[in-house]
Amino acid sequence: QVQLVESGGGLVQPGGSLRLSCTYSGSIYGITSMGWYRQAPGKQRESVADITDTGSRDYADSAKGRFTISRDNAKSTMYLQMNSLKPEDTAVYYCKAVFRNVIDYWGQGTQVTVSS
C-alpha cells in the first residue's frame, strides 16, 4: 500500500555533505511515521532518524548535530541532510514508512560511502 524509493547516495570525502531523498506513494495518509535506517557491512540495521506525522523528530546519538530529517508533504518526499560526514557513516541507507503504526514498508536502499 506504500511504495518508497531512495536516491541521493554516493561517494563523498570526510567532512562533506549528502542529501538523501525518499519519495513515497500509495496510501500516504495512512503513514504515521517515517525514518531513515542504515546498515554497514557486518552490522545490523540501525535507526538513524525518524519523523512523525506531527513533525516530531528523533535522532541517533551518532547523527545528532550533523543530520537533519525533514518531510515535504506537497512533494511526497522525505529527506536526510547529512553534513560533516565521517567514514563510519558509510552504509546502505534505507527509507522506512510505518502504516497505521502496524505495517513497515521499506525502500531498496542507497549506498553512502565516506572515504578520501
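Below you will find a few notes about this structure. Bear in mind that the values here come from a model prediction, so they are computed numbers and not experimental data.

## Let's talk about the pattern of salt bridges
Per the stated rule, a full pass over the model turns up four salt bridges. As a salt-bridge pair, R38 and E46 come within 2.9 Å of each other at their nearest N and O atoms. The salt bridge partner of K64 is D61, with a shortest N-O separation of 3.6 Å. Exposure remark for D61: the relative accessible area of 67% places this residue in the exposed category. Look at the salt bridges and you will find they share partners, linking R38, E46, R66 and D89 into a network.

## Concerning the environment of E6
With respect to the secondary-structure elements, E6 resides in strand β1 (residues 2-7). Judged by relative accessible area, which is 4%, E6 ranks as buried. Separated by 100 residues in sequence, E6 and W106 place their C-alpha atoms 9.5 Å apart. In this view, E6 contacts S21, C22, W36, Y93, Y94, C95, G107, Q108, G109 and T110; residues no more than four positions away in its chain are not counted. Among the polar contacts made by the side chain of E6, one reaches the main-chain amide nitrogen of C95 at a distance of 2.6 Å. Polar contacts involving the side chain of E6 include one to the main-chain amide nitrogen of Q108, which spans 2.8 Å.

## A look at the packing of aromatic side chains
Tallied over the entire structure, the rule returns two aromatic pairs. Summarising the aromatic geometry, the rings of Y37 and W106 are spaced 5.0 Å apart at their centres and angled 70° between planes, so their arrangement reads as edge-to-face. Linking Y37 in strand β4 (residues 31-39) with W106 in strand β10 (residues 103-106), this pair joins segments that are 69 residues apart in sequence. Assessed through its relative accessible area of 34%, W106 is described here as partly exposed. With centroids separated by 6.4 Å and ring planes inclined at 85°, the aromatic side chains of F99 and Y105 adopt a geometry described as edge-to-face. Lying over the aromatic face of Y94, R45 brings its terminal NZ or CZ to 3.7 Å of the ring centre.

## A word on the sheet that holds strand β3 (residues 18-26)
Taken in spatial order, the four strands line up as β1-β3-β8-β7 in an open sheet, and their pairing is antiparallel. A single partner strand is all that each edge strand has here, and the edge strands are β1 and β7 (67-72). The average undirected angle you get between the axes of adjacent strands in this sheet is 15°. Relative to strand β8 (residues 77-82), β3 runs antiparallel, the two being bridged by six bridges. Among the inter-strand pairings, L20 is bridged to a residue of β8, identified as L80.

Rules behind the numbers
The residue numbers shown here count from 1 along each chain, following its written sequence. Local features in this predicted model are restricted to residues whose pLDDT is 70 or higher, and side-chain atom pairs enter the listing and the counts only when it is 80 or higher, whereas totals over whole chains, interfaces and linings include all residues. Processing note: side-chain calculations cover all non-hydrogen atoms of the structure and skip hydrogens and water entirely. Take a side-chain nitrogen of Lys or Arg and a carboxyl oxygen of Asp or Glu: if they are within 4 Å of each other, that pair is a salt bridge. Accessibility here uses a 1.4 Å probe with only protein chains present; expressed as a share of the type maximum, an area under 20% marks a residue as buried, one over 50% as exposed, and anything in between as partly exposed. Working definition: helices are DSSP H or I runs of at least four residues, strands are E runs of at least two. Numbering for both runs from the N terminus. Every residue pair with non-hydrogen atoms within 4.5 Å of one another is taken to be in contact. Pairs of N or O atoms within 3.5 Å make up the polar contacts considered here, provided that, within protein, one atom can donate a hydrogen while the other can accept it, and that residues adjacent in sequence are counted only when both atoms are side-chain atoms. Stacked, tilted and edge-to-face are the three classes assigned to paired rings of Phe, Tyr and Trp, where Trp is represented by its six-membered ring and a pair needs centres within 6.5 Å; plane angles under 30 degrees give stacked, over 60 edge-to-face, the rest tilted. Throughout this description, the term charge over a ring refers to an Arg CZ or Lys NZ atom that lies within 6 Å of the ring centre and within 35 degrees of the ring normal. In this analysis, strands are considered paired if DSSP registers two or more bridges between them. Axes here mean lines fitted to C-alpha atoms, for a helix over just the part in contact, with angles spanning 0 to 180 degrees between N-to-C directions.

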